[in-house]
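Breakdown of the fold
Residue strings, one per chain:
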Amino acid sequence: MNKKYKIYLDVCCLNRPFDDQSQPRIYLESQSVITIINQCQSGNWKLINSTALIAELNQTPDLERLKNVKKMLSIAKIKVINSHFIETRSTELQQLGFSSYDATHIASAERSNADVFLTTDDRLIKKAKANSQLVNVRIDNPVQWLAEVIQLEENNDENSQ
């Protein structure tokens, strides 16, 4: 993987590998998240953490799951700390109809100059696409985004031969 992506995974993505893998969609999303985490762990890409992620994760009632998700997130090279910018931007995003958590995560991703904000939440993706002119970070599903990145890499490899 040639490009050094900066990736913000929301809580849905971070939890996906610990969900019931018997459903095909959940399995595919889990495998994509694991692949992305592996790319970050090997230093090819950078995972972004934030105070918003930690705050939302700390509400997880399953302590074993919480420990596993936080361990996965510990490889993050970038940490976004809550700030006036994030609070102001979060309020603007909430006025567009994003939930408080989603707005804070998007603002954190924007603040860190993330290349992509990944989520498994279809409603969030739909809302982001409807407001694409007003959201300053790409928001996508991990399966679609990873498939696109792999295709791009393969095309670049073919063109360079």
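The text that follows walks through the structure, step by step, so that each part is easy to find. (Residues numbered from 1 in each chain as written. Predicted model: local features only at pLDDT ≥ 70, side-chain atom pairs only at ≥ 80, totals over all residues. Heavy atoms only, no water.)

This part is about the overall build of the chain. The helix and strand tally for the chain stands at 8 helices and 5 strands. Listing each helix as α and each strand as β along the chain from the N terminus yields β-α-α-β-α-α-β-α-α-β-α-β-α. Over its C-alpha trace the chain gives a radius of gyration of 16 Å, about what one expects of a compact globule, namely 15 Å for 161 residues. Taking the principal axes of the C-alpha coordinates as reference, the chain spans close to 50 × 40 × 30 Å. Residues classed as buried in the chain amount to 44% of the 161 residues present. When contacts within the chain are restricted to residue pairs at least 6 apart in sequence, long-range pairs at least 24 apart make up 71% of them. Looking at charge distribution, the chain has the averaged site of its 19 positive side-chain charges lying 5 Å from that of its 20 negative ones. (Helix = DSSP H or I, 4+ residues; strand = E, 2+ residues; numbered from the N terminus. Rg over C-alpha atoms; globule rule 2.2 N^0.38 Å. Buried < 20%, exposed > 50% of the residue type's maximum accessible area, 1.4 Å probe, protein only. Contact = heavy atoms within 4.5 Å. Lys, Arg positive; Asp, Glu negative; His and termini not counted. Charge placed at Lys NZ, Arg CZ, Asp CG, Glu CD.)

A few words now on the environment of Leu 53. Of note, Leu 53 is situated in helix α3 (residues 51-57). On the accessibility criterion, Leu 53 (0% relative accessible area) is buried. Setting aside anything within four residues of it in sequence, one finds Leu 53 in contact with Tyr 8, Leu 9, Asp 10, Val 11, Leu 14, Ile 48, Leu 73 and His 105.

The next subject is helix α6 (residues 100-111). Owing to its 3.6 residues per turn, the α-helix brings residues three or four apart onto one side. Here α6 contains 12 residues, and its C-alpha end-to-end distance of 16 Å stays within 8% of the 16 Å for a straight helix at 1.5 Å per residue. Most of α6 is tucked away, with 9 of its 12 residues classed as buried. Within α6, the full set of buried residues consists of Asp 102, Ala 103, Thr 104, His 105, Ile 106, Ala 107, Ser 108, Ala 109 and Glu 110. Directly after α6, the chain includes Asn 113, whose backbone phi takes a positive value near 55°. (Expected span 1.5 Å × (residues − 1).)

Reading across from one edge, β3-β2-β1-β4-β5 is the order of the 5 strands in this open sheet, with parallel pairing throughout. Each edge of the open sheet carries a strand with a single partner, namely β3 (78-80) and β5 (138-140). Strand-to-strand twist of the sheet, defined as the mean angle between neighbouring strand axes without regard to direction, takes the value 30°. Relative to β5, strand β4 (residues 116-118) runs parallel, the two sharing 3 bridges. Residue pairing for β5: Val 116 is matched across the bridge by Arg 138. Against the sheet, helix α2 (residues 24-41) touches β1 (6-9), β2 (46-50) and β4, its axis set at about 135° to β1. (Pairing = 2+ DSSP bridges. Axes fitted to C-alpha atoms, helices over the stretch in contact; angles between N-to-C directions.)

In this structure, Thr 60 sits in the loop between α3 and α4 (63-73). Within the structure, the side chain of Thr 60 is placed 2.6 Å from the backbone oxygen of Leu 57, a separation counted as a polar contact. (Polar contact = N/O pair within 3.5 Å; in protein donor to acceptor, adjacent residues only side chain to side chain.)

Further remarks concern unusual backbone geometry. In this structure, Asn 113 is a non-glycine residue whose phi angle is positive, near 55°. Its location among the elements puts Asn 113 in the loop between α6 and β4. According to the relative accessible area criterion, Asn 113 is exposed, its value standing at 55%.

Before going further, it helps to examine the pattern of salt bridges. Two side chains that carry opposite charge are able to pair once their charged atoms sit near each other. All chains considered together, the criterion is met by 11 salt bridges. With a closest N to O distance of 3.0 Å, Glu 92 and Arg 89 form a salt bridge. A residue pair is termed a helical-turn pair when its members lie 3 or 4 positions apart in one helix, as Glu 92 and Arg 89 do in helix α5 (residues 84-95) at 3 residues. A relative accessible area of 38% places Glu 92 in the partly exposed class. Given a relative accessible area of 10%, Arg 89 falls into the buried group. Here Glu 110 and Arg 89 are joined by a salt bridge, their closest N and O atoms 2.5 Å apart. Taken together, the positions of Glu 110 in helix α6 and Arg 89 in helix α5 put the pair 21 residues apart, joining distant regions of the chain. When salt bridges that share partners are traced, they join Arg 16, Asp 19, Arg 25, Glu 29, Arg 65 and Asp 122 into one network. (Salt bridge = Lys/Arg side-chain N within 4 Å of Asp/Glu carboxyl O.)

Geometric values such as these leave the question of function open.
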